[in-house]
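# Observations on the three-dimensional arrangement
The lines below spell out each chain.
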Amino acid sequence: MGFGLEFALETDQPLKAVGESWPFMILERVANEAVTHERVREGAKMGLFSLAVSGKGLPKSLVNEDGQVGVLLGVESRTLPRQFSTPFGEVRLVTIKALLPTEWEYVLKVGHQPHGPSGFRRLVRAQYLALPELIHDIDTRPG
């Protein structure tokens, strides 16, 4: 039995060994969080959600001082569908947007203020939904 979720991370950078690439590592870590924690699954199903994953082996430009990478889940893509049908039911396609440490710090700050979720949603809409795509183009040197 599945959870009705699929995760996607877009990049236009060539990947030599997909299973060893930084996008795959982030996908795997987010999927593991979703399998392990109901709050992650429910957050991903409801829309925008943020969490931090281990930054081990990920590009230095993404890893914060705590050794983590902040990610946004569920920012709508202009190129990918929001959901799709399978013989087993509807599946929600959840995008993953890796954040720079300064962006993650701001997400944490906004999330802990009285205007919390609504401020978080405004931040995401203002900064990310205005972008033409969620394609990652970052310094890919591992941390």
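Summary of the structure given here. (Residues numbered from 1 in each chain as written. Predicted model: local features only at pLDDT ≥ 70, side-chain atom pairs only at ≥ 80, totals over all residues. Heavy atoms only, no water.)

A word on the side chain of Ser21. When you line up the elements, Ser21 lands in the loop between strand E1 (5-8) and helix H1 (22-36). From its side chain, Ser21 meets the backbone oxygen of Val18 in a polar contact 2.7 Å long. (Helix = DSSP H or I, 4+ residues; strand = E, 2+ residues; numbered from the N terminus. Polar contact = N/O pair within 3.5 Å; in protein donor to acceptor, adjacent residues only side chain to side chain.)

Another aspect to go through is the pairing of strand E3 (residues 68-73). Counting buried positions along E3 gives five out of six residues, so the element sits mostly inside the fold. Here strand E2 (residues 49-54) pairs with E3 via six bridges, running antiparallel. Paired with Ser50 across the strands is Leu72, a residue of E3. Pairing of E3 with strand E5 (residues 89-98) involves three bridges; the strand directions are antiparallel. Looking at E5, one finds that Val71 is bridged to Ala98. (Buried < 20%, exposed > 50% of the residue type's maximum accessible area, 1.4 Å probe, protein only. Pairing = 2+ DSSP bridges.)

To continue, consider H1. Helix length check: H1, at 15 residues, gives a terminal C-alpha distance of 21 Å against a target of 21 Å (1.5 Å per residue), a fit within 8%. Every buried residue belonging to H1 is among Trp22, Pro23, Met25, Ile26, Arg29, Val30 and Ala34, and all of these are buried. The secondary structure elements touched by the buried residues of H1 are E1, helix H2 (38-46), E2, E3 and E5. (Expected span 1.5 Å × (residues − 1). Contact = heavy atoms within 4.5 Å.)

By size, the foremost hydrophobic cluster in this structure holds 21 residues, and its most contacted members are Phe7, Ile26, Val30, Val71, Leu73 and Ile96. Counting residues per element, this core draws most heavily on H1, which supplies five residues. Excluding residues within four positions of it along the chain, Val71 makes contact with Ile26, Val30, Phe49, Ser50, Leu51, Ile96, Lys97, Ala98, Leu99 and Trp104. Counting six residues, the second-largest nonpolar core is a separate cluster that includes Leu72, Val75, Leu99 and Val107. (Core = buried A, V, L, I, M, F, W, Y, C linked by side-chain atoms within 4.5 Å.)

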